[in-house]
Amino acid sequence: MANDSKTWRCGKYELSFDRPRIMGVLNVTPDSFSDGGEHFDQDAAIEYGLAMLDAGADIIDVGGESTRPGFTPVNPDEEARRVLPVVRALAKEGAIVSIDTRHVAVAKAAVRCGASIVNDVTGFTDPKMVEFVATSTCGVIVMHAGEVAAPARTHATVQLDTSAAAFVAEKAREAAAEAAREAEKPARRRRGKLLGEPKTEAKLPGGVVQPSLPFGDPEPAPEPTGEQKQETPAAEQATPAAEAAATPEPAPEPSDHLAAMMRRSARREEAYVPTSQLRRFTLPDSAPIMRRVMGFLSDQARALIHAGVSRDRICIDPGPGFGKTANEDIVIQRETAKMASLGYPLMCAVSRKRFVGAVSGVTEAAERDAATFGVCLGAIQAGANIVRVHDVTGFAQFLNGYWAVAKPQPRRAFVAVGSNLGHRCDNIRAARDMIAEIPLTCVSNCSRIYESEPAYETRQDAFANAVIEIKTELAPLVLLDELMKIEAELGRDRSKKAKVNGPRTIDLDLLWMDGETHGGKKLRLPHPLIGERDFVLVPLEDLMHDPARFFRYNGVEVKEPEDRVGHIVGELGRM
């Protein structure tokens, strides 16, 4: 299950996996397979990214190049123009942003703009990309893209001839070939290695060997020799003109390796027709498929580690849909537990893929969300840690419902409470009692009630402030909604006419929650203003030792007491 001790360091953020994390898909492209063009406008993309954060996404994966079957490669300059303003805006709102790119120039620019993760669909097979991430602190996602079935063997046509002359000629050819091989041996060997062998591996910094791309073109069948051509009967030798007339001109393959692989994958799916041949099993053997997928992921992760990327920055993704048939994708998903056993955070990125449509009978990609949730649930139960989905709102509801009954998981949190209208201390106590009534939540401790100077909007009455420590099993955004209901019930005015920091009967702020980092307009965790609020830090001293040190460790800038706002001026009693 996802409830394990793995952590994923992504720049200044650290993600824990005591519950599965949601990655929202944001395609800033005109031609993505399920939502192409919907968020191509930069303002629309930013708005949608913020909406996904408010719906429950932990990470936003921003991509500027579609990699659907038959896609057209995008120039890195154009890709950067699409994604950089979106990355910058989301990072400014505290979001953990992943850049989905295979171009090192785009990755570099996105990280400079605030991206915390590089998601490379080619699995870091480009030594320049490896060199870049080795010099940064960003998280990395190693994805497998390529065919997983064993390449079919191509056999030359055999022409049988039982004549004595043919037998003698064949023996002569074999003797000549053997003599030629013996003559070449001294010249071909030098320092214990064969010369002239094709170079299939690249060297990374530190002498690490980088495997060749997993989605390269298959080796062509050997051309027949002149003697083989002569042995073919004249009736079977077609002229070039006849061959051209009989065989239509194939569409040219793109020079881009990934585009070529995805085009072959699409043709393989379209060309498949069922036959009457009986099979003993419904799915292909998993062993050779998983050797290719897990072998590649393990090799690439080790290459990154040898190049200088720490292990806790690496996440792996088997790449469903990239060069794989529906049967192969199902085999890989059923082996999720094996991939999780490699010890790296594991991504489940099946959202709306072709194989999801195949098993659910849903043709339209945008209608496959319910089936996607089912596949994701199976992956989570088997050990997947991150789920990449298009429908964040629906999946967050699905996950929260499942997790509430499947995984008892109380977590510590702090809620700041303030009031400067009416009976201030009574308002705070009423809020405490109502917090204790929130489902799956209890109040475990309370600070004393303090009086403080007004902060930000100084021309108002002094505040009464306290901090409540709770334990909850709710997701942060769900807990926040419950706190907002309490504010409304106690008379808090949050309409546009009310001043943001003006007088209020009650104010509830979710300050911090164990294991949670979140960004967006609706909720920021940890609360971005903790470090400058004396009326929060002083009550926290009743609940923990040295809160300033605690929050600095959690990445919050904490100011010295004289530089804070809302200074404590007195004590009003116990809660």
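For clarity, every value in this text was computed on a predicted model and none was experimentally measured.

### Regarding the environment of Cys 348
Logical step 1: Looking at the secondary structure, you find Cys 348 in strand 13 (residues 347–348).
Logical step 2: The exposure class of Cys 348 is buried, given its relative accessible area of 2%.
Logical step 3: With 41 residues separating them in the primary sequence, Cys 348 and Val 389 have C-alpha atoms 8.8 Å apart.
Logical step 4: Not counting residues up to four positions away in its chain, the partners in contact with Cys 348 are Gln 333, Cys 376, Ala 379, Ala 384, Ile 386, Val 387 and Arg 388.

### Considering unusual backbone geometry
Logical step 1: Of the consecutive residues Leu 525 and Pro 526, the connecting peptide bond is found in the cis state with omega at -10°.
Logical step 2: Here Pro 526 shows up in the loop between strand 19 (507–513) and helix 17 (534–540).
Logical step 3: Even without glycine at this site, Leu 440 takes up a positive phi of about 55°.
Logical step 4: Positionally, Leu 440 belongs in the loop between helix 15 (424–435) and strand 16 (441–446).

### Some remarks on the pattern of salt bridges
Logical step 1: Here the structure, examined in full by the defined rule, presents 33 salt bridges.
Logical step 2: The residue Asp 542 makes a salt bridge to Arg 448 at a minimum N-O spacing of 3.0 Å. Highlighted residues: Asp 542 in the loop between helix 17 and helix 18 (547–553) and Arg 448 in the loop between strand 16 and strand 17 (449–452), separated in sequence by 94 residues.
Logical step 3: Taken together, the shared-partner salt bridges in this structure form one network comprising Asp 18, Arg 21, Asp 58, Arg 411 and Glu 516.

### A few points about the packing of helix 13 (residues 369–382) against helix 14 (residues 392–406)
Logical step 1: Between helix 13 and helix 14, the shortest axis-to-axis distance is 11 Å and the interhelical angle comes to 45°. In terms of orientation, helix 13 lies oblique with respect to helix 14. In this structure, helix 13 crosses over helix 14, and the sense of that crossing is right-handed. Of helix 14, the residues touching helix 13 (which contributes Phe 373, Cys 376, Leu 377, Ile 380 and Gln 381) are Gly 394, Phe 395, Phe 398, Leu 399, Tyr 402 and Trp 403.
Logical step 2: Looking at the contact of helix 13 with helix 14, its residues break down into nine nonpolar, two polar and no charged.

### Section: the packing of aromatic side chains
Logical step 1: One pass over the full model with this rule turns up seven aromatic pairs.
Logical step 2: Between the aromatic rings of Phe 373 and Phe 398, the centroid separation amounts to 5.5 Å while the plane-to-plane angle is 35°, which identifies the pairing as tilted. One end of the pair, Phe 373, is in helix 13; the other, Phe 398, is in helix 14, with 25 residues separating them in the sequence.
Logical step 3: When its relative accessible area of 28% is taken as the criterion, Phe 398 is described as partly exposed.
Logical step 4: An aromatic cluster is present here, built from Phe 414, Trp 512, Phe 550 and Phe 551 joined pairwise through their rings.
Logical step 5: In this structure, Arg 311 packs its charged tip against the face of Tyr 344, placed 4.1 Å from the ring centre.

### Details of the pairing of strand 18 (residues 463–472)
Logical step 1: Burial analysis of strand 18 places nine of its ten residues in the buried class, the great majority of the element.
Logical step 2: Bridging between strand 15 (residues 411–419) and strand 18 involves nine bridges; their strand directions are antiparallel. Residue pairing across strands places Val 417 opposite Ala 466, the latter belonging to strand 18.
Logical step 3: Pairing between strand 16 and strand 18: five bridges, direction antiparallel.

### Quick notes on the sheet that holds strand 12 (residues 314–317)
Logical step 1: The strand order 12-7-6-5-4-3-14-13 describes an open sheet built from eight strands, whose pairing is parallel. Looking at the sheet topology across the chains shown, the edges are occupied by strand 12 and strand 13.
Logical step 2: Running over the sheet, helix 14 touches strand 3 (21–27) and strand 14 (386–389) and is turned about 170° from strand 3.

### Focus: the confidence of the model for the protein
The predicted coordinates should not be examined in detail at positions where pLDDT is low.
Logical step 1: Averaged over all residues, the pLDDT of the protein equals 84, while 77% of them reach at least 70.
Logical step 2: Note that residues 216–221 has pLDDT below 50 and, in this model, six contacts with residues that lie over four places away or in other chains.
Logical step 3: Below pLDDT 50 for its whole length, residues 226–254 participates in 18 contacts with residues either more than four positions away or in separate chains.

How each quantity is defined
Residues numbered from 1 in each chain as written. Predicted model: local features only at pLDDT ≥ 70, side-chain atom pairs only at ≥ 80, totals over all residues. Heavy atoms only, no water. Helix = DSSP H or I, 4+ residues; strand = E, 2+ residues; numbered from the N terminus. Buried < 20%, exposed > 50% of the residue type's maximum accessible area, 1.4 Å probe, protein only. Contact = heavy atoms within 4.5 Å. Salt bridge = Lys/Arg side-chain N within 4 Å of Asp/Glu carboxyl O. Axes fitted to C-alpha atoms, helices over the stretch in contact; angles between N-to-C directions. Parallel < 35°, antiparallel > 145°, perpendicular 65-115°, else oblique. Left-handed = near helix turned anticlockwise from the far one by under 90°. Nonpolar A, V, L, I, M, F, W, Y, C, P; charged D, E, K, R; others polar. Phe/Tyr/Trp six-rings, centres within 6.5 Å; stacked < 30°, edge-to-face > 60°. Lys NZ or Arg CZ within 6 Å of the ring centre and 35° of its normal. Pairing = 2+ DSSP bridges. pLDDT = per-residue confidence, 0-100.

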